[in-house]
Amino acid sequence: MKKTVVILSISIFLFLSCKENKNADKKSTTTIDSTMNTNPLLVQWDSPFGVPPFDKIKSEDYLPAFNEAVRLHKKEIAIIVNSKDKATFKNTIEALATSGKMLNRFTNVFFAVSAANTDDVLKETRKSISPELTAHFDEISLNTKLFNRIKAVYKQKKTLGLSAEEMRLLTEMYKEYVRAGVNLEGKDKERLKAINKRVSELSTTFGDNLLEETNAFELHITDKKDLGNLSASLIAGAAEEAKKRGHDIGWSFTLQRPSINPFLQSSPNRDFREKLFQGYALRGDNNNENDNKAVLLEIANLRIEKAKMLGFDTHADYILSDAMAEKPKVVYDFMDKLWPFALNMAKSERKALVDMMKKGGVEGEFRGSDWRYYVAKVREERYNFNEDETRPYFEFTAVREGVFMLSKKLFGLTFKELKDVPKWHEDQQVFEVLEADGKHLGVIYMDFFTRESKRGGAWMNALRQQSNVDEFVTPIVTNNFNFPPPTKETPSLLSFSEAQTLFHEFGHALHGLFSNVKYRSLAGTNVPRDFVEFPSQVMENWMSEPEVLALYAKHYQTGEVIPKAMIDKMNRANSFNEGFRTVEYMAAAYLDMNWHTLKAPDAEINVREFEKDFLKKMGLIDEILPRYRSTYFSHIFSGGYSSGYYSYLWSEVLDADTFSEFKKTGNIFDPELSKKYRKMLSSGGSKSGMELYKEFIGRSPEITPLLKKKGFE
Ligand SMILES: [Zn+2]
């Protein structure tokens, strides 16, 4: 999805390598190698608030710093493992949780910079350290001697007088090692390692095949009228693509979303639309050398085998035992409640689209490749809306001020720009975040504009997680976007959805900033996947409220607040096709769950039939495909989202429920509720997501507000 947060898909690493306090430096029995003491990543940082010295770090410094940080961590682990003293909470659990300070500091900085401002050296470094990092943490999590010490403490946990958070750290750590397979012995442990390795290879193959299939496809067009009303910048992009692919003339379209979707919306040529649509839908399913059917089936089967070895019924049971939803049945029950509403809405949308097609005098069957084209037609005719009209009201500095003002109204926060701190790029803006009473809360780095060295999308990450073991360490977080940079003539003007993205990512930032726990591995956004999008999505509710828009959404030339009529028009236009969007997303979420609730490996499954049968059973409309078909569902077969694609919708239940609670008070800035909300965020992962939610709102989450928001009720 467009708005993804980078919690770094290495939470297990972070969990095992929690650290981050300055005193640990002084007490540490391991010191950096003397040949390394000029590397800016390894020395003490004396910059303001202890921010990373980006002005001193060169790309070449990362690799040697990584090697040294891993060496130090290994030494620390060896000291814990080889201790002659009886295992205690302090010398084992806390020691482990606070070990690897250097390595954590390194991964925080390296992954932030290599995502937002990369270069060839950083790319190479990333390639070479990723497998080493995995191997390093595998070695720790499968270390039997280490686990025996953890287990010894775990067994007497009730008699140790631990605080609630210490208990959580201990139980989560124990669980994490068991889940990693540390209890397996001999042949089983070897088999587990082999499965991990094979799944990781297959995931890479799946991704490589998909990339090949995506890149191999091209739709080349030479007649301008087939472009329809495509915007000038997209036409220019397609012309460039055609040149890149060796054509002297014309425009080329590819299977990348930013290329295919606008074409499907605007081209009046049905055959071309169909060609592009089918090209997209058959990726990895062309029975050629890049076919993904056998690959994904092997992955699914290996996952079942592994789950069984670890004592779970299915892979989904294994994955969800660590999530807010806890069990596959909970996920299915939740989705089954929404599905009929969404399907009904999509059916009525279909009817409107078919009518529109007939009205246009087009003969023949309505097809999947017609859907987006007629949605655009309906929006134009019914609502007379074009998103570009709203841009002048969302100048990016104004939107940034909007989210700051909202934070002040809800939580009393203020923001002070820090002009002289080191940055990784001159475009960055850095702010000190202050409490209502002027107390320092943390620092946020904001990097707004698109550039070649930055990956796509928008995300948040932590440069330093909050912790409080020997002293309180304040958080440093980042927000990253790909907004259009200002030009000589105009400032950066955001679309409504870009403005929404700014509020979204800032919600993740607040989650990191409010953190108030003892251990870094439980801090801020270190929470289950089906909880993490909640604090970000909830911010999107405020951003479009008239009271909030009045604070910031002002025309950049006239200062006029965005007219209510324009907002209403936009909301109405956007809500058409909500049924399609939900159904398309949910079909993929069901598909994910169906693959991962299989109870026994079966090499005979026919992937196409498996999909077809389930879609038929769900009653999905023929012209709608799941947002991802199995053969190009990289979230679940080459990313970290297996049995987790439902999470976005799950978080939407929480955010809609929360905002409706604010509305019920009659004051969307209600101070009492804001206080409780902040308290929940400040707990990070120190309690389970459900426990936190219930404490905050006083009951279980309710689905009705989401049904209302989506117009299903
Ligand atoms: Zn997010």
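As shown above, the structure is provided for reference.
Residues numbered from 1 in each chain as written. Predicted model: local features only at pLDDT ≥ 70, side-chain atom pairs only at ≥ 80, totals over all residues. Heavy atoms only, no water.

A. Looking closely at empty space enclosed by the protein. If you walk through the whole model with that rule in mind, you get two cavities of 30 Å³ or more. Approximately 140 Å³ is the volume found for the second largest cavity. Residue lining of the second largest cavity: 16 residues in total, with Phe277, Tyr280, Arg372, Glu584 and Leu625 positioned closest to the centre. If you list the elements that add at least two residues to the lining of the second largest cavity, you get α11 (257-266), α12 (270-281), α16 (371-383) and α23 (578-596). Element by element, the count of residues in the lining of the second largest cavity is highest for α11, at four residues. (1 Å grid on protein atoms, 1.4 Å probe; cavity = no way out; pocket = protein on both sides within 12 Å on 5 of 7 lines; lining within 4 Å. Points joined across faces, edges and corners; volume = space filled by probe spheres on them. Helix = DSSP H or I, 4+ residues; strand = E, 2+ residues; numbered from the N terminus.)

B. Main features of the sheet that holds strand β3 (residues 414-417). As summarised here, the arrangement of the five strands in space is β3-β4-β5-β9-β6, forming an open sheet in which the pairing is mixed. Edge positions in the sheet fall to β3 and β6 (459-464), since each has one partner strand and no second. Each neighbouring strand pair of the sheet contributes to a mean axis angle of 30 degrees, computed without reference to strand direction. Helix-sheet contacts for helix α17 (residues 396-411) involve β3, β4 (429-434) and β5 (440-449), and the interaxial angle to β5 is about 155 degrees. Contacts from helix α18 (residues 496-513) reach β3, β4, β5, β6 and β9 (476-483), with the element oriented near 170 degrees to β9. (Pairing = 2+ DSSP bridges. Axes fitted to C-alpha atoms, helices over the stretch in contact; angles between N-to-C directions. Contact = heavy atoms within 4.5 Å.)

C. Region of the structure containing the pattern of salt bridges. Taken as a whole and judged by the stated rule, the model has 51 salt bridges. Residues glutamate 305 and arginine 191 are paired through a salt bridge, measuring 2.7 Å at the closest nitrogen-oxygen approach. Pair noted here: glutamate 305 is in helix α13 (residues 293-309) and arginine 191 is in helix α9 (residues 186-216), with a separation of 114 residues, a long-range link. For arginine 699, the salt bridge is made with glutamate 661, and the minimal N-O distance between the two is 3.0 Å. Of the two residues, arginine 699 is situated in the loop between α28 (689-697) and α29 (704-709) and glutamate 661 in helix α26 (residues 647-664); the sequence distance between them amounts to 38 residues. When sorted by exposure, arginine 699 lands in the same class as glutamate 661, which is buried. Bridged by salt links that share partners, the residues Asp285, Asp291, Lys293, Arg608, Glu611 and Arg629 form one connected network. (Salt bridge = Lys/Arg side-chain N within 4 Å of Asp/Glu carboxyl O. Buried < 20%, exposed > 50% of the residue type's maximum accessible area, 1.4 Å probe, protein only.)

D. Region of interest: the nonpolar core. If you look at the biggest cluster of nonpolar residues, it comprises 159 residues, and the most contacted ones within it are Phe253, Phe394, Trp542 and Trp595. Discounting residues that sit within four places of it in the chain, tryptophan 542 has contacts with Leu406, Leu410, Val548, Phe659, Phe662, Ile668 and Phe669. Ala115, Leu133, Phe147 and Tyr177 belong to the second largest nonpolar core, which has 59 residues in total. (Core = buried A, V, L, I, M, F, W, Y, C linked by side-chain atoms within 4.5 Å.)

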